[in-house]
Amino acid sequence: YRIDARVIGKASDYKYKVHKDQYVVSKEASCPIRVVPTPNLEMEYNFQQLKQEAELYYRAFVDSVMVKIEYGNELLNNKPGYSNTSRPNLSPMMSNDSVKLRQLYDVADDTFKTNLRSGKSMRDEDYYQCLIPFKKKSITGSSKYLGIISLSTIKEHYKIRYTPPTRFGKAPPPNDTELIPLELNYFTESSTPLKNLPEIKAIDVEVVALSIRSKKHPIPIEFTTDMLFAEKEIDIKKSQPANFNLLVVARFSNYLNEFHKLIKGVGNEALRLETKLYQDVKCLASLKTKYINLPISNLVFETTSQNGIGTTTEVKSLQWQEEQSEKGKLFTKKFAVRMNLNNCSLKSNDNSSKGLDRITLVPSFQTCFASRLYYIKMTVRLNHGDSLLVNVPLNIHRY
């Protein structure tokens, strides 16, 4: 925001020489201001309940869109002269390697779930998880699947305090530290020795700032963490990990194309598509997004042993532990990543900035036409070239 002030009067009053007396701006000044809303206590104390209500409304909204599309398709199929002569949807034959990999996924996933729930009163949906295959490549270029690797973390909503720039407020807090537990699992049905297990090469952590904007129509839904990234990623090497653009924007772009096809095919009088529903779908399909990734340095890894909690900055020192499994061999690395979000940095073509006092992360918010949301992206890079990643939601509050 900006406050503008102008002193306006007749030119003759200010001794200005003009051919004809008129009103002029004698003096003007402007002052930029920053407006940060006070905390919403209802959001603070009823976060889970409000999140569930938002998810329930979103599902009902999607259902209403699907009902209208199904209704339009029925009209289109019953239209005289229209025949659906598309080819039958035949499932392609799967290769032996694909069948074996699918079976290996199923067995490994059941084993991972059992291990994650071991000794804990938690459900499968209480974790964010990523799974990829581990394969051995031969000189001829062929590959053999050896097992499945899983990276998971407990679903938790992390939050830090908003840090104003130094010229607008107090100095930044000394620590904005978060401790995020990770569990890396490897399942194999073969007798793989410890020296041949996949190893961690590096762990990268970034704060992702997502800005969302609607130019024309008000946003009809409240965004939740399930719209920012996938709860479970499988074999992310074949495609980009799911993000807001894929989970929301692309989805409603498909719905909008369906609306256009039905309006052209049966006419809006027969379809009876409500203007509000059409505008809401068009709004979500045309949202503009911008992602800014802020890498975090000086990570510390914590492990628990019989001697207590150990800390290290070297990922290679994190050792595999063999677990009990009835269906094969299961190896686990359990550790936590301790990070100070004040160590985030922003690199640009002109210069680089580091610290929350220089990189202004405004509090998380959503309005009718704009939104700023955050999450922490953790990528585990393995020694054979593959990577696993999990995301966790992050809220920035003004306390």
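Below: a short report on this structure. (Residues numbered from 1 in each chain as written. Predicted model: local features only at pLDDT ≥ 70, side-chain atom pairs only at ≥ 80, totals over all residues. Heavy atoms only, no water.)

A look at the overall build of the protein chain
Check the secondary structure of the protein chain and you find six helices and 18 strands. Classification of the 399 residues of the protein chain by burial places 38% in the buried group. Look at the contacts in the protein chain between residues 6 or more apart in sequence, and 72% of them connect residues 24 or more apart. When the accessible surface of the protein chain is summed, it comes to about 24,500 Å², and 50% of that surface belongs to carbon and sulfur atoms. (Helix = DSSP H or I, 4+ residues; strand = E, 2+ residues; numbered from the N terminus. Buried < 20%, exposed > 50% of the residue type's maximum accessible area, 1.4 Å probe, protein only. Contact = heavy atoms within 4.5 Å. Areas by Shrake-Rupley, 256 points an atom, 1.4 Å probe, with all protein chains shown as cover.)

A word on the pattern of salt bridges
All told, the structure shown has 10 salt bridges when counted by the stated rule. Residues R2 and D4 are paired through a salt bridge, measuring 3.0 Å at the closest nitrogen-oxygen approach. The shortest N-O distance in the salt bridge between E199 and K333 comes to 2.7 Å. Residue E199 is located in the loop between β6 (177-188) and β7 (200-213), and its partner K333 is located in strand β13 (residues 329-340); the two are separated by 134 residues in the primary sequence. Residue E199 is classed as partly exposed on the basis of its relative accessible area of 26%. (Salt bridge = Lys/Arg side-chain N within 4 Å of Asp/Glu carboxyl O.)

Some remarks on the nonpolar core
Formed by 81 residues in total, the largest nonpolar core has its most connected members in F223, F244, F252 and M339. Once residues lying within four places of it in the same chain are set aside, the contact partners of M339 are D176, T177, E178, I180, V205, I296, L299, I376 and M378. Counting residues in each nonpolar core, the second largest holds nine residues, with L104, F112, L131 and I148 among its members. (Core = buried A, V, L, I, M, F, W, Y, C linked by side-chain atoms within 4.5 Å.)

With respect to the packing of aromatic side chains
Under the defined criterion, the tally for this structure stands at nine aromatic pairs. The interplanar angle of 70° and the centroid separation of 5.3 Å between the aromatic rings of Y128 and F229 together place this pair among those described as edge-to-face. Here Y128, found in strand β3 (residues 127-137), pairs with F229, found in the loop between β7 and β8 (232-234); they are 101 residues apart in sequence, far enough to count as distant. Considered together, Y128 and F229 belong to a single accessibility category, that of buried residues. A ring pair is formed by F252 and Y255, whose centres lie 5.2 Å apart and whose planes are at 90°; its orientation type is edge-to-face. One end of the pair, F252, and the other, Y255, are both in helix α4 (residues 244-266), three residues apart, so they sit about a helical turn from each other. When its relative accessible area of 10% is taken as the criterion, Y255 is described as buried. Put simply, the rings of Y58, F61, F252 and Y255 pair up and form one aromatic cluster. (Phe/Tyr/Trp six-rings, centres within 6.5 Å; stacked < 30°, edge-to-face > 60°.)

Considerations on the packing of α4 against helix α6 (residues 275-285)
Here α4 crosses α6 at 140°, and the two axes come no closer than 7 Å. Taken together, the axes of α4 and α6 are oblique relative to one another. Regarding α4 and α6, the two cross each other, and that crossing is left-handed. Residues V249, F252, S253, Y255, L256, F259 and H260 of α4 form the contact with α6, whose participating residues are L277, Y278, V281, K282, L284 and A285. (Axes fitted to C-alpha atoms, helices over the stretch in contact; angles between N-to-C directions. Parallel < 35°, antiparallel > 145°, perpendicular 65-115°, else oblique. Left-handed = near helix turned anticlockwise from the far one by under 90°.)

Quick word on α4
Taking 1.5 Å of rise per residue, 23 residues should cover 33 Å, and α4 covers 32 Å from first to last C-alpha, within 8% of that figure. The sharpest bend along α4 comes to roughly 25°, located at A250. For α4, the full list of buried residues reads F244, V248, V249, F252, Y255, L256, F259, L262 and G265. Contacts from the buried residues of α4 go to α2 (47-77), β7, α5 (268-271), α6 and β9 (288-295). (Expected span 1.5 Å × (residues − 1). Bend = angle between axes of the 7 residues up to and from the residue.)

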